[in-house]
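For reference, the chains in residue letters:
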Amino acid sequence: MTRFMTLDFADGDRTALLAQVVERARGPYGYVVTPNVDHVIKLMDGRVPADVYRGAALHICDSRILAHLARLRGRRLSVYPGSDLTADLLASEIGADLTYAVFGPDLEAFHTLQARFPRRRFVFVEAPMLTPGTPAWLAAVDAAAKAEWDVLLACVSFPKQELFAHALRIAGRERGVTLCVGASVDFLTGRQHRAPAIFQRLSLEWLHRLASQPRRMFRRYVVEGPAIFGWFLKTEVLKG
């Protein structure tokens, strides 16, 4: 693992990281988070409970920006976006025998996903509009905890998916792995579109999302996003 900005990031190439996820799916319950700049900022300023985020079994870097910052400190972060991780897992032979639960997307998206990956076993777990701690939230946690799955694709907004994954542990889920992977199923089903490859290679995927959804993304990328540089200085340059 590589420690950076108080988090322990998983090391290895994509094949090795995918194998770690599959191994977790076959063992005691745990969950995987995919830190990006927005996640780290909200962890640093307290908007995400530290025990929920740091309690994950794996932290897989989702951000080339974080990787660039880490390089300034002489460290290498293995970047594996959650959407790529999800797509690779569903297409890989090493995960062919697993059962996948889908939490977040509606039934139409669920059936589209089934049609795209007909050789995979899928379970639908309903995710109504949820507020943590409400009766509807507790009912959803209970249903997911009791369902038959090896991998739960938690695709609701950050940090609800992380809170949900953590709640499953508290509820007594004994085995399997939850992947906190945001819009991954939306990308696979065509409801959203990722940035062109050139934007991804240039670490400008954020710019494509801002241009595509300016009202939704302006605050995240323009107002709050630059705070990552201050937290980088505080946790990596000025620490101690």
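Anything mentioned here points back to the structure above.
Overview of the structure. Since we're looking at a predicted model, the values are computed, not measured.

For the pair helix H2 (residues 37–44) and helix H13 (residues 227–237), interaxial distance at closest approach is 10 Å and the crossing angle is 60°. When the axes of H2 and H13 are compared, the pair comes out oblique. In the packing of H2 onto H13, the handedness of the crossing is left-handed. Where H2 approaches H13, its residues Val37, Val40, Ile41 and Met44 are matched on the opposing element by Ala227, Ile228, Trp231 and Thr235.

Okay, the packing of aromatic side chains next. Here the structure, examined in full by the defined rule, presents 8 aromatic pairs. Geometrically, the ring pair formed by Phe4 and Phe232 is tilted, given 6.1 Å between the ring centres and 50° between the ring planes. A residue pair is termed long-range when its members are at least 10 positions apart, and Phe4 in strand E1 (residues 2–4) and Phe232 in helix H13 qualify at 228 residues. Residue Phe4 is classed as buried on the basis of its relative accessible area, which comes to 0%. With a centroid separation of 6.0 Å and 45° between ring planes, the pair formed by Tyr100 and Phe122 is classed as tilted.

A full pass over the atoms with the stated rule returns 8 salt bridges. Note that Lys42 is salt-bridged to Asp38, the shortest N-O span being 3.3 Å. Taken together, the residues span about one helical turn, with Lys42 and Asp38 both in helix H2 at a distance of 4 residues. Each member of the pair, Lys42 as well as Asp38, is classed as buried. A salt bridge links Arg75 to Glu236; the shortest N-O distance between them is 2.4 Å. Pair noted here: Arg75 is in the loop between helix H4 (64–72) and helix H5 (82–91) and Glu236 is in helix H13, with a separation of 161 residues, a long-range link. Judged by its relative accessible area of 23%, Arg75 falls in the partly exposed class. When its relative accessible area of 3% is taken as the criterion, Glu236 is described as buried.

Scoring rules and cut-offs
Residues numbered from 1 in each chain as written. Predicted model: local features only at pLDDT ≥ 70, side-chain atom pairs only at ≥ 80, totals over all residues. Heavy atoms only, no water. Axes fitted to C-alpha atoms, helices over the stretch in contact; angles between N-to-C directions. Helix = DSSP H or I, 4+ residues; strand = E, 2+ residues; numbered from the N terminus. Parallel < 35°, antiparallel > 145°, perpendicular 65-115°, else oblique. Left-handed = near helix turned anticlockwise from the far one by under 90°. Contact = heavy atoms within 4.5 Å. Phe/Tyr/Trp six-rings, centres within 6.5 Å; stacked < 30°, edge-to-face > 60°. Buried < 20%, exposed > 50% of the residue type's maximum accessible area, 1.4 Å probe, protein only. Salt bridge = Lys/Arg side-chain N within 4 Å of Asp/Glu carboxyl O.

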